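Residues per chain are reported as follows:
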Amino acid sequence: MDAQQKRRLLWQVPFLAFLIIGTLFVVRQQRNMPYQRCSDFVFGTTFNVTYQSDSDMTYSIKDALRKVDYSLSPFNKESVITAINDNKDVRPDKMFMDVFQMAMDVSRETEGAFDITVAPLVNAWGFGFKSGQKPTPRQVDSLKQIIGYQKILVADGMVRKQDPRMMLDCSAIAKGYGADVVADVLRRHGVKNFMVEIGGEIVTSGVNPDRLPWKVGVIKPTDDSLSVSHELQTILNVTDVAMATSGNYRNFYYEGGKKFAHTIDPQTGYPVQHSLLSATVLARTCAIADAYATSFMVMGVERAQQVLERHPELMAYFIYDNGHGDHAVWFSPSLKKKIAD
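To start, this report covers the structure provided alongside it.

Reading guide: rules and limits
- Residues numbered from 1 in each chain as written.
- Predicted model: local features only at pLDDT ≥ 70, side-chain atom pairs only at ≥ 80, totals over all residues.
- Heavy atoms only, no water.
- Helix = DSSP H or I, 4+ residues; strand = E, 2+ residues; numbered from the N terminus.
- Buried < 20%, exposed > 50% of the residue type's maximum accessible area, 1.4 Å probe, protein only.
- Areas by Shrake-Rupley, 256 points an atom, 1.4 Å probe, with all protein chains shown as cover.
- Pairing = 2+ DSSP bridges.
- Axes fitted to C-alpha atoms, helices over the stretch in contact; angles between N-to-C directions.
- Contact = heavy atoms within 4.5 Å.
- Phe/Tyr/Trp six-rings, centres within 6.5 Å; stacked < 30°, edge-to-face > 60°.
- Salt bridge = Lys/Arg side-chain N within 4 Å of Asp/Glu carboxyl O.
- Core = buried A, V, L, I, M, F, W, Y, C linked by side-chain atoms within 4.5 Å.
- Polar contact = N/O pair within 3.5 Å; in protein donor to acceptor, adjacent residues only side chain to side chain.

1. Describing the overall build of the protein
Working step 1: Looking only at helices and strands, the protein features nine helices and 14 strands.
Working step 2: Within the protein, the fraction of its 341 residues that count as buried is 47%.
Working step 3: When the accessible surface of the protein is totalled, it reaches about 18,300 Å², and 53% of it is carbon and sulfur.

Okay, here's the thing in structure tokens:
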């Protein structure tokens with residue numbers, strides 16, 4: 001080793017030492033940084049956010065959710081979607097347009113199983129379930145005339161409906177989208193470890209307060225209309241991914257000895273009749289996971305599997321009735337590595 005190489009090495013040693021010490025300092029500082037929690041109500045359900053930060057992010061989190069509510073909530077009389085449903089001349093904001101485009105994409109990919117115009121049918125059947133007077137075939141046929149994602153479009157920055165009676169409802173994607181929005185807020189503030197949960201729809205990043213991957217349980221389907229049973233079917237490792245679950249097992253009615261789900265098929269106008277009880281979907285964004293989980297509950301196991309074959313970026317975990325009164329499970333092969341031991 002010549003003198004020049006020795007001098008170069010002498011300069012490198014302090015730099016490497018500084019780099020190692022700096023890395024240890026950052027790691028130690030991150031370990032000592034507290035995890036904080038923010039919980040409240042939104043979209044008619046609860047939300048819970050756990051995040052590691054020295055700063056209180058409560059205002060930023062709630063402000064982001066207020067913006068989503070103002071854009072997408074049909075229960076907010078001042079929201080963008082309410083104005084559209086009331087046929088007012090309103091130019092949708094970016095949030096609405098983002099969700100609208102995602103909804104249209106999923107509708108096409110699922111051949112109409114996902115449809116943000118299905119609300120009139122859902123309401124008719126919902127009121128029928130409660131009153132005991134289900135809609136008649138004539139009423140269903142009449143409502144189907146104002147159902148169909150192909151009957152709405154965006155032109156010149158405005159939503160155009162073929163029939164002014166059409167109603168848009170993004171409830172089957174808005175919770176997931178809200179979780180994505182909060183996750184983006186946390187990331188922009190440099191938060192690396194967090195879990196966002198809105199009504200069971202989840203986005204995670206990094207590690208939990210125990211410095212372990214985030215884990216979420218999939219609830220075992222039971223005839224539990226009071227929602228008091230929380231026995232787990234399995235536990236999934238869900239770090240750095242979004243997850244949504246949709247299920248029929250707590251919303252159903254019996255007729256002629258058969259069980260009928262409250263999930264309405266937009267194409268037939270009637271409740272679905274198949275064996276799928278619960279669909280959990282993992283995806284890059286929670287909005288997409290949310291929409292596909294709802295779609296799969298309409299489609300059933302076999303049709304949902306066909307969609308999954310075309311979309312390897314999605315992972316799904318299905319619980320279904322095997323026809324003999326027992327539960328069976330199917331999941332995407334790529335999901336196996338995420339099932340906790």
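Here the narrative resumes, following the displayed structure.
2. Quick look at the pairing of strand E9 (residues 242-247)
Working step 1: Both strand E6 (residues 201-205) and E9 contribute to a ladder of two bridges, which runs antiparallel. Across the sheet, Ile202 pairs through a bridge with Met243, a residue of E9.
Working step 2: When E9 meets strand E12 (residues 276-283), the two strands line up antiparallel, connected through six bridges. Note on E12: the bridge partner recorded for Ser246 is Ala279.

3. Here we look at the sheet that holds strand E14 (residues 327-331)
Working step 1: Pairing within the open sheet is antiparallel, and its eight strands lie in the order E1-E2-E5-E6-E9-E12-E13-E14. For this open sheet the edge positions go to strand E1 (35-42) and E14, each flanked by a neighbour on one side alone. Put simply, the sheet's adjacent strands are angled 10° from each other on average, direction ignored.
Working step 2: Where strand E13 (residues 315-321) and E14 come together, five bridges link them in antiparallel fashion. Considered in E14, the bridge of Phe318 is made with Trp330.
Working step 3: Docked against the sheet, helix H9 (residues 301-310) engages E12, E13 and E14, running at close to 170° with respect to E13.

4. Structural notes on the packing of aromatic side chains
Working step 1: Applying the stated criterion to the full structure yields six aromatic pairs.
Working step 2: With centroids separated by 5.9 Å and ring planes inclined at 20°, the aromatic side chains of Phe96 and Phe100 adopt a geometry described as stacked. Taken together, the residues Phe96 and Phe100, both in helix H4 (residues 94-109) and four residues apart, mark about one turn of the helix.
Working step 3: You can call Phe96 buried: its relative accessible area is 1%.

5. Thoughts on the environment of Met243
Working step 1: Within the secondary structure, Met243 sits in strand E9.
Working step 2: With 38 residues separating them in the primary sequence, Met243 and Val281 have C-alpha atoms 5.7 Å apart.

6. Here we look at the pattern of salt bridges
Working step 1: A full pass over the atoms with the stated rule returns nine salt bridges.
Working step 2: Here Arg108 and Asp105 are joined by a salt bridge, their closest N and O atoms 2.5 Å apart. Linking Arg108 with Asp105, this pair stays in helix H4, spanning three residues, or about one helical turn.
Working step 3: What makes Arg108 partly exposed here is its relative accessible area of 45%.

7. Looking at the nonpolar core
Working step 1: If you look at the biggest cluster of nonpolar residues, it comprises 79 residues, and the most contacted ones within it are Ile61, Leu186 and Phe296.
Working step 2: The element contributing the most residues to this core is helix H8 (residues 286-299), with 10 residues.
Working step 3: Excluding residues within four positions of it along the chain, Leu186 makes contact with Val49, Tyr51, Met57, Ile61, Val191, Phe194 and Val196.
Working step 4: Counting residues in each nonpolar core, the second largest holds 15 residues, with Met195, Trp214, Val241 and Leu335 among its members.

8. Observations concerning the side chain of Thr110
Working step 1: The residue Thr110 is located in the loop between H4 and helix H5 (119-131) in this model.
Working step 2: The exposure class of Thr110 is buried, given its relative accessible area of 0%.
Working step 3: Among the polar contacts made by the side chain of Thr110, one reaches the main-chain carbonyl oxygen of Val106 at a distance of 2.8 Å.
Working step 4: From its side chain, Thr110 meets the backbone nitrogen of Phe114 in a polar contact 3.3 Å long.

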